[in-house]
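Each chain, written out:
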Amino acid sequence: AQSVTQLDSHVSVSEGTPVLLRCNYSSSYSPSLFWYVQHPNKGLQLLLKYTSAATLVKGINGFEAEFKKSETSFHLTKPSAHMSDAAEYFCVVSAPTSGTYKYIFGTGTRLKVLA
Amino acid sequence: NAGVTQTPKFRVLKTGQSMTLLCAQDMNHEYMYWYRQDPGMGLRLIHYSVGEGTTAKGEVPDGYNVSRLKKQNFLLGLESAAPSQTSVYFCASRPTGGGSMNTEAFFGQGTRLTVV
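Let us look at the structure shown here.

Analysis parameters
Residues numbered from 1 in each chain as written. Chains lettered and ligands numbered in written order. Predicted model: local features only at pLDDT ≥ 70, side-chain atom pairs only at ≥ 80, totals over all residues. Heavy atoms only, no water. Salt bridge = Lys/Arg side-chain N within 4 Å of Asp/Glu carboxyl O. Buried < 20%, exposed > 50% of the residue type's maximum accessible area, 1.4 Å probe, protein only. Helix = DSSP H or I, 4+ residues; strand = E, 2+ residues; numbered from the N terminus. Pairing = 2+ DSSP bridges. Axes fitted to C-alpha atoms, helices over the stretch in contact; angles between N-to-C directions. 1 Å grid on protein atoms, 1.4 Å probe; cavity = no way out; pocket = protein on both sides within 12 Å on 5 of 7 lines; lining within 4 Å. Points joined across faces, edges and corners; volume = space filled by probe spheres on them. Nonpolar A, V, L, I, M, F, W, Y, C, P; charged D, E, K, R; others polar. Core = buried A, V, L, I, M, F, W, Y, C linked by side-chain atoms within 4.5 Å. Contact = heavy atoms within 4.5 Å. Disulfide = S-S within 2.5 Å. Buried area = accessible area lost by both parts, 1.4 Å probe. Polar contact = N/O pair within 3.5 Å; in protein donor to acceptor, adjacent residues only side chain to side chain.

**A word on the pattern of salt bridges**
If the charged atoms of two oppositely charged side chains come close together, the side chains can form a pair. Tallying each qualifying case throughout the model produces eight salt bridges over all chains. For aspartate 85 of chain A, the salt bridge is made with lysine 78 of chain A, and the minimal N-O distance between the two is 2.7 Å. Pair check on accessibility: aspartate 85 of chain A and lysine 78 of chain A agree, each one buried. Arginine 36 of chain B is the salt-bridge partner of aspartate 38 of chain B, the closest N and O atoms lying 2.8 Å from each other. Each member of the pair aspartate 38 of chain B and arginine 36 of chain B is classed as buried. One network of salt bridges, in which partners are shared, links Arg36, Asp38 and Arg44 of chain B.

**Notes on the pairing of strand S5 (residues 42-49) of chain B**
Residue and element names in this part refer to chain B. Counting buried positions along S5 gives eight out of eight residues, so the element sits mostly inside the fold. As defined by bridge partners, strand S4 (residues 31-38) adjoins S5 across seven bridges and the pair is classed as antiparallel. Bridged to tyrosine 35 within S5 is leucine 45. Where S4 folds back on S5, the antiparallel hairpin that results is connected by three residues, among which glycine 40 adopts a positive phi of roughly 75°. The pairing of S5 with strand S6 (residues 56-57) spans two bridges and is classified as antiparallel. Residue pairing across strands places histidine 47 opposite lysine 57, the latter belonging to S6. Linking two consecutive strands that pair antiparallel, namely S5 and S6, is a turn of six residues; a positive phi of about 85° is found at glycine 53 within it.

**Focus: the sheet that holds strand S3 (residues 19-25) of chain B**
Residues and elements named next belong to chain B. Reading across the sheet, the four strands line up as S1-S3-S8-S7 and stay open at both edges, with antiparallel pairing between neighbours. Edge positions in the sheet fall to strand S1 (4-7) and strand S7 (65-67), since each has one partner strand and no second. This sheet shows a mean twist of 20° between the axes of neighbouring strands, independent of strand direction.

**Looking at the layout of surface pockets**
Empty space within the largest pocket amounts to approximately 590 Å³. Together, 29 residues line the largest pocket, and Gln38 and Glu88 of chain A together with Gln37, Val88 and Arg112 of chain B are the ones closest to its centre. Those elements that place two or more of their residues in the lining of the largest pocket are strand S10 (87-97) of chain A together with S4, strand S9 (87-94) and strand S11 (111-115) of chain B. A per-class count over the lining of the largest pocket returns eight nonpolar, 15 polar and six charged.

**Things to note about the nonpolar core**
Trp35, Leu48, Phe74, Leu76 and Tyr89 of chain A are the most contacted members of the largest nonpolar core, which totals 26 residues. For this core, the element with the highest residue contribution is S10 of chain A, accounting for four residues. With residues near it in sequence (within four places) discarded, leucine 76 of chain A still touches Val19, Leu20, Leu21, Trp35, Leu47, Leu48, Phe63, Glu64, Ala65 and Tyr89 of chain A. Membership of the second largest hydrophobic core comes to 19 residues, among which are Phe90 and Phe105 of chain A together with Val88 and Phe90 of chain B.

**Remarks on the state of the cysteines**
Residues and elements named next belong to chain A. Applying the stated criterion across every chain yields a total of two disulfides over all chains. Sulfur-sulfur distance for the disulfide between cysteine 23 and cysteine 91 comes to 2.0 Å. Classification of the bridge connecting cysteine 23 and cysteine 91 rests on its S-S torsion, roughly -65°, and on that basis the disulfide is left-handed. With cysteine 23 in strand S4 (residues 23-26) and cysteine 91 in strand S10, this residue pair connects regions lying 68 residues apart in the sequence.

**Thoughts on the interface of chain A and chain B**
Facing the 27 residues of chain A at the interface are 24 residues of chain B. Taken together, both faces of the contact between chain A and chain B bury some 2000 Å²; the carbon and sulfur share is 54%. At the junction of chain A with chain B, the criterion picks out one salt bridge. Summed over the shared surface of chain A and chain B, the number is eight residue pairs in polar contact (both at pLDDT 80 or more). Of all elements in the fold, only strand S5 (32-38), strand S6 (45-50), S10 and strand S11 (100-105) of chain A reach the threshold of two or more residues within the side of chain A that touches chain B.

Here you go:
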């Protein structure tokens, strides 16, 4: 079975400071991992995905995530927060289960960026 | 290229009424999913389909039914709406598995449903 835990429900940072959103996963198989972002009253946009080609994954808008198998983590980072980064972020795990692919979502982390 | 389109965008229902949410995708994807999003709970899988004519239960299927009569459409039905079904509903699709394990899901813009 797969599961994902987002360790912080809310994170506040000042504009221009680093962002760290934490995600731990559990999977019986080698998983696929994703980060999605949801701006207020909007749909979900893919930020980045882990494809097993490289443990450090670069995404859109300056975000990146590092896959650490030994720690079962896939934390999302950005060197310098921008006001437009304020949104809710979801860590997602997917792995084949009985030949079917499902996407299991974390409960989300709401990022607030202070001016 | 529209991607995944959900209809309607907003709806208010009275308790006991029925309705159908429509999801349409134009990417020829085999897999389709219905999720509900509630505050603090992330997205939870209601039902999914691995191809035309197939459906299966997800994590929270009670009170919902689905149909996939055409490959491009996935319908979510509420036979007798309850206030607990007030939520934002998202549809998603992805291509066939097997070799595309790392493929992401493509989401619609959501349907905000309120049951009073």
